[in-house]
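If you want the building blocks of each chain, they are given just below.
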Amino acid sequence: MPKGLIVKALSGYYYVEEEGKRGGKTVQCRARGIFKKKGVSPLVGDRVVYSFTENGEGVVDEIGPRESELIRPPIANVSLAALVFSVTEPELNMQLLDKFLVHIEHAEVEAVILLTKWDLLDRLPEEESARLRRRMEELIALYRGIGYEVIATSAKGGFGYQGVADRLADQISVFAGQSGVGKSSLLNAMLPGVSLETNQISQRLGRGKHTTRHVELLPLPQGGYIADTPGFSQLDFLELGVDQLGWCFREFRSYAGDCKFRGCTHIHEPGCRVKEGVQEGLIADSRYEHYLLFFDEMKDKRRRY
Ligand SMILES: Nc1nc2c(ncn2[C@@H]2O[C@H](COP(=O)(O)OP(=O)(O)OP(=O)(O)O)[C@@H](O)[C@H]2O)c(=O)[nH]1
Ligand SMILES: [Mg+2]
Ligand SMILES: [Zn+2]
């Protein structure tokens, strides 16, 4: 039976590309009923075994082991997530960025932060532009300091994306972020011959807010794939345990080992090295505040379910 890769999922169909034929024609497949019974659903990025049916369509028979699995956006075998945030329109939300990083750390996927629409900084009134620039400089210093790569881009201004393209080569990567931050626009600018629908077009058609409606893997010229995904407005922590939260704040790890108590939640325990790190300015206040916020959010959820 042939092997392949699911490159798109739409309305209960999975589009499978034959192994070794990157960018080639896909076979439209249904999933075998057994998956539903087992509570498993195939994901874009899954390596699968499939077979053909009489009508020229196919059936996904087996799903290969997953190296990683993201729930939001739903995609398997991603090794790099590009978290896309615009400097403005919409203005960057640091709480959402940290929440996103928690999800990515939990999935054990690498992350790179892309700051889009950099060209808008030149077009804003001077004061507003200066304020945003300062904010971006601080943000870049903070996240680079933690160990995340940050790249400034502009699909309109035509810069930044060579660095992004190089970073994505030879693996499955995903563009994820709020709706309207410019994920599809950046991919269109980066990839010759690709023209994904972006917001302006859909406004003309009078459609709603989210422009991209499905997850799709696009072949990259340098090898590998990039997934464009629909934006989201919020993320929740359903699948994450509260005891795992501290570990998902990457820079806490080197301090957490020296906390007095094992299983320290870094909230009210004495001898907490993480809290000391915050007081000494080694850990950013904003990161610790978001940790506390997410901790409460997760506790609340537990109480409700
Ligand atoms: N000035 C400027 N505008 C941009 C840039 N990139 C995207 N835009 C605009 O931002 C709007 C949203 O862009 P999209 O690419 O559709 O955003 P998206 O993240 O794919 O949105 P969803 O598919 O809804 O998740 C469009 O009007 C784009 O023209 C940029 O670099 N500079
Ligand atoms: Mg889009
Ligand atoms: Zn602690």
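That block above? That's the structure.
These remarks concern the structure in this document.

Calculation rules
- Residues numbered from 1 in each chain as written.
- Chains lettered and ligands numbered in written order.
- Predicted model: local features only at pLDDT ≥ 70, side-chain atom pairs only at ≥ 80, totals over all residues.
- Heavy atoms only, no water.
- Donors = N, O, S within 2.8 Å, 3.2 Å for Na, K, Ca; no water.
- Helix = DSSP H or I, 4+ residues; strand = E, 2+ residues; numbered from the N terminus.
- Buried < 20%, exposed > 50% of the residue type's maximum accessible area, 1.4 Å probe, protein only.
- Axes fitted to C-alpha atoms, helices over the stretch in contact; angles between N-to-C directions.
- Parallel < 35°, antiparallel > 145°, perpendicular 65-115°, else oblique.
- Left-handed = near helix turned anticlockwise from the far one by under 90°.
- Contact = heavy atoms within 4.5 Å.
- Nonpolar A, V, L, I, M, F, W, Y, C, P; charged D, E, K, R; others polar.
- Near = heavy atom within 4 Å.
- Polar contact = N/O pair within 3.5 Å; in protein donor to acceptor, adjacent residues only side chain to side chain.
- Areas by Shrake-Rupley, 256 points an atom, 1.4 Å probe, with all protein chains shown as cover.
- 1 Å grid on protein atoms, 1.4 Å probe; cavity = no way out; pocket = protein on both sides within 12 Å on 5 of 7 lines; lining within 4 Å.
- Sits in = over half its atoms within 2 Å of the grid points.

### Focus on the coordination of the magnesium ion (ligand 2)
Part 1 of the argument: Ligation of the magnesium ion (ligand 2) by protein atoms is provided by Ser184 (OG) and Thr212 (OG1), these donors lying 2.0 to 2.2 Å from the ion. Of this pair, serine 184 sits in helix H6 (residues 183-190) while threonine 212 sits in the loop between helix H7 (199-204) and strand S12 (216-219); the two residues are 28 residues apart in sequence, bridging distant segments of the chain. Across this residue pair, the class does not change: serine 184 and threonine 212 are buried.

### Quick look at the packing of helix H2 (residues 94-106) against helix H4 (residues 126-146)
Part 1 of the argument: Where H2 contacts H4, the axes come no closer than 13 Å and their chain directions differ by 20°. Taken as axis vectors, H2 and H4 run roughly parallel relative to one another. For H2 against H4, the interelement crossing comes out right-handed. Judged by residue contacts, Met94, Leu97, Asp98 and Leu101 of H2 engage Arg135, Leu139, Leu142 and Tyr143 from H4.
Part 2 of the argument: Per-class residue counts for the contact of H2 with H4 are six nonpolar, no polar and two charged.

### Considering the side chain of aspartate 119
Part 1 of the argument: With respect to the element layout, aspartate 119 can be found in the loop between strand S9 (110-116) and helix H3 (120-123).
Part 2 of the argument: Those residues in contact with aspartate 119 that lie beyond four places of it in its chain are Ser154, Lys156 and Gly157.

### Here's the deal with the site of ligand 1
Part 1 of the argument: In the vicinity of ligand 1, 24 residues are found, and the nearest of them are Asp119, Ser179, Ser185, Thr212 and Gly231.
Part 2 of the argument: Here aspartate 119 contributes a side-chain N or O atom positioned 2.7 Å from a nitrogen atom of ligand 1.
Part 3 of the argument: The backbone of serine 184 places a nitrogen or oxygen atom 3.0 Å from an oxygen atom of ligand 1.
Part 4 of the argument: Taken by itself ligand 1 offers 660 Å² of open surface, and the protein chains cover 93% of this.
Part 5 of the argument: According to the grid-proximity analysis, the pocket containing ligand 1 is the largest pocket.
Part 6 of the argument: At the level of secondary structure, the elements contributing two or more residues to the shell around ligand 1 comprise H3, H6 and H7.
Part 7 of the argument: The element that contributes the greatest number of residues to the shell around ligand 1 is H6, accounting for three residues.

Geometric values such as these leave the question of function open.
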